[in-house]
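The primary structure of each chain is shown beneath.
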Amino acid sequence: MNMEPDWHFYRTLLAVLEYGSLSAAARNLGLTQPTVGRHIDALEEAIGSQLFVRSPNGLLPTDAAVELKPYAEALAATSAALLRTASGHRERVAGTVRISASEVIGVEVLPPILAPLVAAYPDLNIELSASDAIEDLLTREADIAVRMAEPVQDQLVARHIGEIPLGFHAHRRYLERHGMPQEMADLTRHRFVGFDRPTAYIRTMITRFPIPEGLTFAFKSDDPLAQISAIRAGMGIGICQAGLAARDPDLLPVLAEHFRIPLDTWVVMHEGTKTARRYRVTFDALVDGLINYVGETARKRRR
């Protein structure tokens, strides 16, 4: 390598890889197209290899660009973690905390928990990564995570929340049209909302829980939020968190005594962040809020 490339060159490389053109990468980065081009040229000169070739469909990455991508992503994660750490002092609740959670938890459950927190600490900023992909806390892709599996790494601090139950639910309109199933065998006469592709998780769930074969699906999507919207719209019976359904008097449990999926839930953070107040108060708020969410669900199920 002829020189040590500037970090900004790698950030530009990631943007061009993602957006497929210099102009789109420039818009995303807030740079000019010539500047993006100079970054790519400088990086190519530094490594001695071409990174992109032009095609009718935009810029195509070469093998060299593909090989550099994971290292550039690691640099991006480290840079983001560094900025988050530098953005607040340890003795005051200020700066940025990045939280990783599943789409459903991130969109449907966490905002009411986090709203009082940011109201109490105006200098605290929350970044939420709502994705079913697991972000690595050890490399600081996120600061705190809500996970459905117990962490095993010694460097992580974890608090067990309890079980968040999932079950069959349907909108009142659907049940008024089609009737309430009385036993699992009745499900074959109903219409369902479910996943589009049989992922490894879905195959495991089918083997562990008594779901009848031959179900008729009115709506399929791999996006769990889209499934919840379809259930709320009355398209069919689907699986959702009992706590979410309990918030809507028109979403009714179906065969609750026969079918239940418990999601064991944990709040996790890296032990190196536990002494910084912004991480500690955010961690505690998530723990308290999720424990209340689980407890509220249990109380409503007993009524």
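Reading the values: the criteria
- Residues numbered from 1 in each chain as written.
- Predicted model: local features only at pLDDT ≥ 70, side-chain atom pairs only at ≥ 80, totals over all residues.
- Heavy atoms only, no water.
- Helix = DSSP H or I, 4+ residues; strand = E, 2+ residues; numbered from the N terminus.
- Buried < 20%, exposed > 50% of the residue type's maximum accessible area, 1.4 Å probe, protein only.
- Contact = heavy atoms within 4.5 Å.
- Areas by Shrake-Rupley, 256 points an atom, 1.4 Å probe, with all protein chains shown as cover.
- Phe/Tyr/Trp six-rings, centres within 6.5 Å; stacked < 30°, edge-to-face > 60°.
- Core = buried A, V, L, I, M, F, W, Y, C linked by side-chain atoms within 4.5 Å.
- Expected span 1.5 Å × (residues − 1).
- Pairing = 2+ DSSP bridges.
- Salt bridge = Lys/Arg side-chain N within 4 Å of Asp/Glu carboxyl O.
- Polar contact = N/O pair within 3.5 Å; in protein donor to acceptor, adjacent residues only side chain to side chain.
- Axes fitted to C-alpha atoms, helices over the stretch in contact; angles between N-to-C directions.
- Parallel < 35°, antiparallel > 145°, perpendicular 65-115°, else oblique.
- Left-handed = near helix turned anticlockwise from the far one by under 90°.
- Nonpolar A, V, L, I, M, F, W, Y, C, P; charged D, E, K, R; others polar.

**A few points about the overall build of the protein**
Each helix and strand in the protein was counted, giving 10 helices and 11 strands. By residue count, 45% of the 303 residues in the protein fall in the buried class. In the protein, 76% of the contacts between residues at least 6 apart in sequence involve partners at least 24 apart. Approximately 16000 Å² of the protein is accessible, and the part contributed by carbon and sulfur atoms is 52%.

**Describing the packing of aromatic side chains**
All chains considered together, the criterion is met by three aromatic pairs. Each ring, one from Phe 168 and one from Phe 192, has its centre 5.7 Å from the other, and the planes form 75 degrees; the classification is edge-to-face. With a gap of 24 residues between them, Phe 168 in strand S6 (residues 156–171) and Phe 192 in strand S7 (residues 191–194) connect regions that are remote in the sequence. Here Phe 168 and Phe 192 have matching classes, each one buried.

**With respect to the nonpolar core**
Counting residues in hydrophobic clusters, the biggest one holds 53 residues, and the most contacted among them are Leu 110, Phe 168, Leu 187, Ile 237, Val 267, Leu 286 and Leu 290. If you tally residues by element for this core, the top one is helix H10 (residues 277–302), at nine residues. With residues near it in sequence (within four places) discarded, Leu 290 still touches Val 109, Leu 110, Ile 113, Val 146, Ile 161 and Val 267. In this structure, Leu 13, Val 16, Leu 22 and Phe 52 belong to the second largest nonpolar core, which totals 21 residues.

**What about helix H3 (residues 33–47)?**
A rise of 1.5 Å per residue sets the reference length of H3, with its 15 residues, at 21 Å; its end C-alpha atoms lie 21 Å apart and thus fit the reference within 8%. Contact partners of the buried residues in H3: helix H1 (7–19), helix H2 (22–29) and strand S1 (52–55). Backbone geometry just downstream of H3 places Gly 48 in the positive-phi region, at approximately 75 degrees.

**Details of the pairing of strand S5 (residues 144–147)**
On S5, burial covers both faces: Ile 144 and Val 146 on one face and Ala 145 and Arg 147 on the other are all buried. Direction of pairing for strand S3 (residues 95–101) relative to S5: parallel, over a ladder of two bridges. Looking at S5, one finds that Ile 99 is bridged to Ile 144. Pairing analysis gives four bridges linking S5 to strand S11 (residues 261–270), with the strands arranged antiparallel. Directly across from Val 146, in S11, lies its bridge partner Val 267.

**Details of H1**
Every α-helix winds through 3.6 residues per turn, so residues three or four apart in the chain are directed the same way. For H1, built from 13 residues, the straight-helix expectation of 18 Å at 1.5 Å per residue is met to within 8% by its first-to-last C-alpha distance of 19 Å. Where H1 is concerned, the buried positions are Phe 9, Tyr 10, Thr 12, Leu 13, Leu 14, Ala 15 and Val 16. Gly 20 sits one or two residues past H1 and shows a positive phi near 80 degrees.

**Let's talk about the pattern of salt bridges**
Two side chains bearing opposite charge may form a pair once their charged atoms approach each other closely. Applying the stated rule across the entire model yields six salt bridges. Between Asp 250 and Arg 172 there is a salt bridge; the shortest N-O distance is 3.1 Å. Here Asp 250, found in the loop between helix H9 (242–246) and strand S10 (251–253), pairs with Arg 172, found in helix H6 (residues 172–178); they are 78 residues apart in sequence, far enough to count as distant. On the accessibility criterion, Asp 250 (31% relative accessible area) is partly exposed. Judged by relative accessible area, which is 32%, Arg 172 ranks as partly exposed.

**Digging into the side chain of Thr 35**
Assignment of secondary structure puts Thr 35 in helix H3. In this structure the side chain of Thr 35 is engaged in a polar contact, spanning 2.8 Å, whose partner is the side chain of Thr 32. In terms of polar contacts, Thr 35 uses its side chain to reach the side chain of Arg 38, at 3.1 Å.

**Let's talk about the packing of H1 against H3**
At their nearest, the axes of H1 and H3 sit 9 Å apart, and the two run at 110 degrees to each other. With respect to their mutual orientation, H1 and H3 come out roughly perpendicular. At the point where H1 passes H3, the crossing takes the left-handed sense. Across the interface between the two elements, His 8, Phe 9, Tyr 10, Thr 12, Leu 13 and Val 16 from H1 touch Val 36, His 39, Ile 40, Ala 42 and Leu 43 from H3. In terms of residue class, the contact of H1 with H3 is made up of eight nonpolar, three polar and no charged.

**Examining the side chain of Thr 12**
Relative to the helices and strands, Thr 12 resides in helix H1. Overall, the relative accessible area of 0% leaves Thr 12 in the buried class. Polar side-chain contacts of Thr 12 include one of 2.7 Å to the side chain of His 39. In contact with Thr 12, not counting residues within four places along its chain, are Leu 29, Leu 31, Val 36, His 39 and Ile 40.

Read these as geometric descriptors, not functional statements.
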